[in-house]
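Structural characterization, general
One-letter residues, chain by chain:
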Amino acid sequence: SPAETQPETTESVKEAVSSATPEVTKEPDATPKATDKAETLDEKVEKNGCAVYEDASYGFKCAYPAEFEEGTLKNNNTRTSFTDKDGGADLLINFEKIGKSKTPEKLLEEYLNIIGVDPDVDNCGANFYSVTFTRSGRIYHRKAIIANDKYIYYDFMYDQGSDSKSRYEDYIDFLDLYLEQGNKG
């Protein structure tokens, strides 16, 4: 009887529709949730294979490659230095107290006059400058910030032909970021 076939037909239609309808899968929500936590600067230090030098007496800090060993290179303003234990790179961390009249542009100009070379790259902002140049087969990079009348900078030097050049460049990118973000305020 027609009444008896109706439920079968309805069920058949439901089955046909469900088998022909593609299954919709929901993509994971990429929107950060309130419980998601932003990676802290200290977590980034470890993730980037670095450690932090902190000079409590002068109130500043600077990241350095964790595999580097404390070195003996010093000049008048050097607080400390680090050397790649495998050789090929050195890092000097420096500090000077300055007055309000010194700007990043002025400090960069003074530095370029001292080194006497045209930089490969230089960049200057409201509270920082960075410069990279090559001399005698070595690449020199300086990142400097001005924070609370303090002139904080590091010099990273490595052999141009070093097998570790890309690793050093990655370190420099992170050290630049840390110097700015780790010394705010």
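Counting of residues starts from 1 at the beginning of each chain's written sequence and follows it residue by residue. Only residues with pLDDT of at least 70 are given local features in this predicted model, and only at 80 or more are side-chain atom pairs given and counted; all residues enter the totals for whole chains, interfaces and linings. Hydrogens and waters are ignored; side-chain quantities use all the structure's heavy atoms.

Helix and strand assignments follow DSSP, with helices taken as H or I runs no shorter than four residues and strands as E runs no shorter than two, numbered in order from the N terminus. To estimate how far a helix should extend, the number of its residues minus one is multiplied by 1.5 Å. Across its twelve residues, helix α3 (residues 104–115) extends 16 Å between first and last C-alpha, which sits within 8% of the 16 Å expected from 1.5 Å per residue. Residue exposure (1.4 Å probe, protein chains only): buried if accessible area is under 20% of the type maximum, exposed if over 50%, otherwise partly exposed. Within α3, the full set of buried residues consists of Pro104, Leu107, Leu108, Tyr111 and Ile115. The arc that holds the buried residues of α3, viewed along the axis, is 100°, so those residues lie on one side. Contacts were defined at the residue level, with two residues in contact if any of their heavy atoms lie within 4.5 Å. Close packing links the buried residues of α3 with β6 (121–124), β7 (128–135), β8 (138–147) and β9 (150–159). Positive backbone phi, at 65°, marks Gly116, one or two positions downstream of α3. The arc in question is the one spanned by the directions pointing from the helix axis to the C-beta atoms.

Strands sit in the order β3-β4-β5-β9-β8-β7-β6 across an open sheet of seven strands; the sheet is antiparallel. One side of each edge strand has no neighbouring strand; the edge strands of this open sheet are β3 (68–70) and β6. Sheet twist, expressed as the average angle between the axes of neighbouring strands with direction ignored, equals 15°. Taken together, the three bridges between β3 and strand β4 (residues 78–84) define a ladder with antiparallel strand orientation. The residue of β4 that forms the bridge with Glu70 is Phe82. Lying over the sheet, α3 contacts β6, β7, β8 and β9, oriented at roughly 15° with respect to β7. Across the sheet, helix α4 (residues 165–181) touches β3, β4, β5 (89–97), β7, β8 and β9, and the angle it forms with β9 is around 175°. Whether two strands pair depends on DSSP finding at least two bridges between them. Axes here refer to lines fitted to C-alpha atoms; in helices the fit is confined to the stretch in contact. Angles between the N-to-C directions go from 0 to 180 degrees.

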